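# Per-entry structural report
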Amino acid sequence: IEYAHGGTQPIRTVHIPGAEMGNCAVDPTSGNLAATFSCPPCGYQNLAIFPPGSDDATRYEAPLASKVGYDNKGNLFLADFDVGNEIAELPGDSSQFQTIALDQSIGEIGSIQWDGKYITVQDLRAPVTISRIAISGSVGTVVSRSKFGPYMRDASYSWIAGDGTVTFPFSTHGDEPNKLGIWKYPKGAHPAHTIKKFGVGGHFFGAVTVSLAPSSAQPRR
């Protein structure tokens with residue numbers, strides 16, 4: 001479901017009949033929407049790519065198709081939360097997937113996303129980290145890791161914004177993230193701002209995203 005910045009009514013909805021949708025990402029070069037899904041009637045297909053403005057997706061049987069993220073060149077990267085030593089790539093000019101072995105293992109993979117320079121992989125297990133990965137052929141090398149708050153017990157999927165921050169839900173007690181933290185990125189360490197007291201009555205955050213205002217709407221300084 002897509003919303004305009006600041007909007008409360010959906011402006012576009014796509015779906016696959018009979019499927020439970022999972023993670024999604026948008027290709028900055030083409031506007032394609034990649035989405036993972038689970039659908040017993042669909043056989044082993046688990047990845048759909050929707051062209052801009054279209055409800056008809058190209059479906060794939062993809063490896064590690066749980067989390068998805070594009071880089072700045074239209075290459076799609078995929079990861080599975082319980083496979084921490086490899087990711088997969090669907091190059092922008094190809095329909096063939098390739099597996100990328102990581103030189104360092106990630107405990108439990110959360111978000112996989114582009115940070116402006118590297119593809120990154122979040123580790124949901126404490127201590128929560130985001131690894132910046134350089135890809136060369138079929139090998140991914142962790143060039144640096146940002147660490148977030150040693151007091152964290154659990155975290156959910158993060159969002160690296162274009163303003164030098166990263167936001168994600170977390171918990172300090174129990175395994176249900178009920179707080180939101182905003183950190184300087186890639187600095188990490190302690191949060192610059194925390195929003196607490198959510199998740200009352202067993203509700204908690206599974207993920208977060210940030211919609212930055214268009215440049216024309218930004219206040220002058």
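Reference entry: report on the structure contained in this document. Note that this is a predicted model, so its numbers are computed, not measured.

Assigned secondary structure in the protein chain consists of zero helices and 17 strands. Computed over its C-alpha atoms, the radius of gyration of the protein chain comes to 17 Å, within 12% of the 17 Å expected for a compact globule of 221 residues. For the C-alpha atoms alone, the extent of the protein chain along its principal axes is close to 45 × 40 × 40 Å. Out of the 221 residues belonging to the protein chain, those deemed buried represent 40%. Long-range contacts, defined here as pairs at least 24 residues apart, represent 37% of the contacts in the protein chain between residues at least 6 apart.

Now for the sheet that holds strand β8 (residues 98-102). Pairing between sheet strands relies on hydrogen bonds along the backbone, with the strands arranged either parallel or antiparallel. With mixed pairing, the eight strands of this open sheet are ordered in space as β5-β6-β7-β8-β12-β11-β10-β9. Each end of this open sheet is capped by a strand with a single partner; those strands are β5 (67-70) and β9 (109-114). Going across the sheet, the axis of each strand differs from the next one's by a mean of 30°, ignoring polarity. Strand direction decides the pairing type here: β9 and strand β10 (residues 119-123), joined by four bridges, are antiparallel. Residue pairing for β10: Ile-109 is matched across the bridge by Asp-123.

Time to look at the sheet that holds strand β3 (residues 47-50). The sheet built from four strands is open, its strands ordered β1-β2-β3-β4 with antiparallel pairing. The open sheet has two edge strands with one neighbour each: β1 (20-26) and β4 (58-60). Averaged over all adjacent pairs, the angle separating strand axes in this sheet is 25°, with direction ignored. Here β3 pairs with β4 via three bridges, running antiparallel. Bridge pairing in β4 links Leu-47 to Tyr-60.

On to the nonpolar core. Membership of the largest hydrophobic core comes to 14 residues, with the highest contact counts inside it found for Ala-34, Leu-47, Ile-49, Val-68, Tyr-70, Leu-76 and Leu-78. When contributions to this core are tallied by element, the ones reaching two or more residues are β3, β5, β6 (76-79) and β7 (86-90). Residues within four places of Leu-76 in sequence aside, it is in contact with Ala-34, Leu-47, Ile-49, Val-68, Gly-69, Tyr-70, Ala-88, Glu-89 and Leu-90. Formed by 12 residues, the second largest nonpolar core is a distinct cluster that contains Leu-102, Ile-112, Val-121 and Val-142.

Criteria and cut-off values
Residues numbered from 1 in each chain as written. Predicted model: local features only at pLDDT ≥ 70, side-chain atom pairs only at ≥ 80, totals over all residues. Heavy atoms only, no water. Helix = DSSP H or I, 4+ residues; strand = E, 2+ residues; numbered from the N terminus. Rg over C-alpha atoms; globule rule 2.2 N^0.38 Å. Buried < 20%, exposed > 50% of the residue type's maximum accessible area, 1.4 Å probe, protein only. Contact = heavy atoms within 4.5 Å. Pairing = 2+ DSSP bridges. Axes fitted to C-alpha atoms, helices over the stretch in contact; angles between N-to-C directions. Core = buried A, V, L, I, M, F, W, Y, C linked by side-chain atoms within 4.5 Å.

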